[in-house]
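Topology and contacts: notes
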Amino acid sequence: CGVEEGLERVARGLLQHGVTSFCPTIVTSPVDYYHRVLPAIRGYQGRFDQASILGVHCEGPFISREKKGAHEEAFIQENPSPTALQRCYGSTDGVSIVTLAPELSGAAEGIRWLSGERGVVVSLGHSMAQIKVAEEAVRGGASLITHLFNAMLPFHHRDPGIVGLLTSQRLGQRQAYFSIIADGYHTHDTVLRIAYKAHPRGVVLVTDAMCAMGLGPGSHSLGNMRVEVASGVARLQGTSTLAGSVATMDSCVRHFKAATGCTTEEALEAASLRPAEVLGQEGRKGTLEFGADADLVLLDHDLHVQATYIAGQLAWRATGGTVT
């Protein structure tokens, strides 16, 4: 389907999982794809009965080849200077987040330009960066970590790498939030607890879901690659490499709460208030304060979605529900 049709399908389908707004993600792609798709997303006009778009997340192409994960190596670029970023994306208008590897040549300048001049959230990920490079990146303007523990150097007691940002005292007056996939596959429950205990106010729950979410087992596509979904896990066909997920946000909230023992409020804030803070949208999103957007999710005691409201209007309700 076309970009607009695809966005509409996703924006409506996410409502049943309690998602009222989201950042569609473009993985590492050819330059002409960014030039074609980014303007299409920028010009998309949503409706009241759909989740709203808060800008695009460009995950790549300026990432480490060694930590590419399910990204196509042929399209990876290696110098995220301001000039290269503009040449690649065409325009950063409508781009909310860019994931890049801070150890790449030109990354420091690119991070300052994106975060300072363009107002884009820079997230560190798909990276071989050691702790000193990661700290410099945060001091230079980066403020988020992409799917913590996945596609980065593993934690080591002599050099914790990007993971060490959770407790680093060398970030100046800044802090780093971290996104994490609480689907029971990408991150062990013990590791979820460690991350939560280390930096409870920095947790941003993400699904990393690809187009197979909600479609069941079988073969699906991710860009030009084939992905096999089986037993709730998506992997590049013929390999053991995880290729995003098929998790939903409500299931991640439930799993995170059960795995970490956090309060219901903390689990919900990790999927609402914290992402809003990352995007600078905390006055409008992720809060019930006066003047905020009236985007609401009604949950039962077990955190299953019963109804979703957009701008104060009922946009979705569970089958057989009595919500009006």
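Located above this text is the structure these notes cover.
Everything numeric here is computed off the predicted structure, so don't read it as measured data.

Side note on the pattern of salt bridges
- If you walk through the whole model with that rule in mind, you get 12 salt bridges.
- Measuring nitrogen to oxygen at the nearest pair gives 2.6 Å for the salt bridge that ties arginine 118 to aspartate 93. Residue arginine 118 is located in the loop between α4 (107–117) and β6 (121–124), and its partner aspartate 93 is located in the loop between α3 (82–89) and β5 (95–100); the two are separated by 25 residues in the primary sequence.
- A relative accessible area of 41% places aspartate 93 in the partly exposed class.
- Lysine 285 is the partner of aspartate 293 in a salt bridge, and the nearest nitrogen-oxygen pair spans 3.0 Å.
- Classification of aspartate 293 as partly exposed rests on a relative accessible area of 25%.
- Since its relative accessible area comes to 7%, lysine 285 is described here as buried.
- What emerges from the salt-bridge pattern is a single network uniting Arg65, Lys68, Glu73 and Glu78.

Some words on the sheet that holds strand β14 (residues 305–310)
- Reading across the sheet, the 3 strands line up as β13-β14-β15 and stay open at both edges, with antiparallel pairing between neighbours. Each edge of the open sheet is held by one strand with a lone partner, namely β13 (296–299) and β15 (313–317). Going across the sheet, the axis of each strand differs from the next one's by a mean of 20°, ignoring polarity.
- Where β13 lies against β14, 4 bridges are found, and the strand directions are antiparallel. For leucine 296, the partnering residue across the bridge sits in β14 and is tyrosine 309.

Comments concerning the nonpolar core
- By size, the foremost hydrophobic cluster in this structure holds 64 residues, and its most contacted members are Tyr89, Leu124, Leu148, Leu165, Leu205 and Phe256.
- Once you skip the residues sitting within four places of it in the chain, leucine 205 turns out to touch Ile180, Ala182, Met249, Cys252, Val253, Phe256, Ala267, Ala270 and Ala271.
- Grouped together as the second largest cluster of nonpolar side chains are 11 residues, Met210, Ala212, Val227 and Ala243 included.

Overview of α3
- Buried residues of α3: Pro82, Ala84, Leu85, Cys88 and Tyr89, and no others. Buried residues of α3 fall within an arc of 160° about the axis and therefore sit on the same side. In α3, the exposed residues that point more than 90 degrees away from the buried face are Thr83 and Arg87.
- Taken from the residues just after α3, glycine 90 is the one with a positive phi, measuring 85°.

Some points on the packing of aromatic side chains
- Considering all chains together, one arrives at 3 aromatic pairs under this definition.
- Residues tyrosine 34 and tyrosine 89 carry aromatic rings whose centres are separated by 5.2 Å and whose planes lie at 80° to one another, so their mutual orientation is edge-to-face. Taken together, the positions of tyrosine 34 in helix α2 (residues 31–42) and tyrosine 89 in helix α3 put the pair 55 residues apart, joining distant regions of the chain. Taken as a pair, tyrosine 34 and tyrosine 89 share a single burial class, namely buried.
- Their ring planes at 90° and their centres at 5.9 Å tell us that tyrosine 196 and phenylalanine 256 sit as a pair that is edge-to-face. On the criterion of sequence distance, the pair formed by tyrosine 196 in helix α6 (residues 189–198) and phenylalanine 256 in helix α7 (residues 249–260) is long-range, its members being 60 residues apart. Across the pair, exposure class does not vary: tyrosine 196 and phenylalanine 256 are buried alike.

Considering the environment of leucine 299
- Within the secondary structure layout, leucine 299 lies in strand β13.
- The sequence separation of leucine 299 and alanine 151 amounts to 148 residues, and the corresponding C-alpha distance is 33 Å.
- When near neighbours in sequence (up to four residues on either side) are disregarded, leucine 299 contacts Leu268, His304, Val305 and Gln306.

Here is what the cut-offs are and how they apply
- Here the residue index of a chain counts from 1 through its sequence in written order.
- In keeping with the model being predicted, local features are shown solely for residues with a pLDDT of at least 70 and side-chain atom pairs are shown and tallied solely at 80 or more, while totals for entire chains, interfaces and linings include all residues.
- With hydrogens and water set aside, each side-chain value is computed from the structure's full complement of heavy atoms.
- The term salt bridge refers to a pairing of a side-chain nitrogen on Lys or Arg with a carboxyl oxygen on Asp or Glu at a separation within 4 Å.
- Elements are defined by DSSP. Helices are runs of H or I of four residues or more, strands are runs of E of two residues or more, and each kind is numbered from the N terminus.
- The cut-offs for exposure are 20% and 50% of the maximum accessible area for each residue type, with area from a 1.4 Å probe on protein chains only; residues under the lower value are buried, those over the upper are exposed, and the others partly exposed.
- Paired strands, in this sense, are two strands between which DSSP finds at least two bridges.
- Fitted lines through C-alpha atoms give the axes, limited to the stretch in contact for helices. The angle between two N-to-C directions lies from 0 to 180 degrees.
- Residue types Ala, Val, Leu, Ile, Met, Phe, Trp, Tyr and Cys, when buried and joined through side-chain atoms within 4.5 Å, form a set referred to as a nonpolar core.
- Should any heavy atoms of two residues lie within 4.5 Å, those residues are considered in contact.
- To be clear, the arc concerns the directions from the helix axis to the C-beta atoms.
- Side-chain rings of Phe, Tyr and Trp (the six-membered ring for Trp) are treated as a pair once their centres are within 6.5 Å; stacked means planes under 30 degrees apart, edge-to-face means over 60, and tilted covers the remaining angles.

These results come straight from atomic positions and should not be treated as a statement about function.
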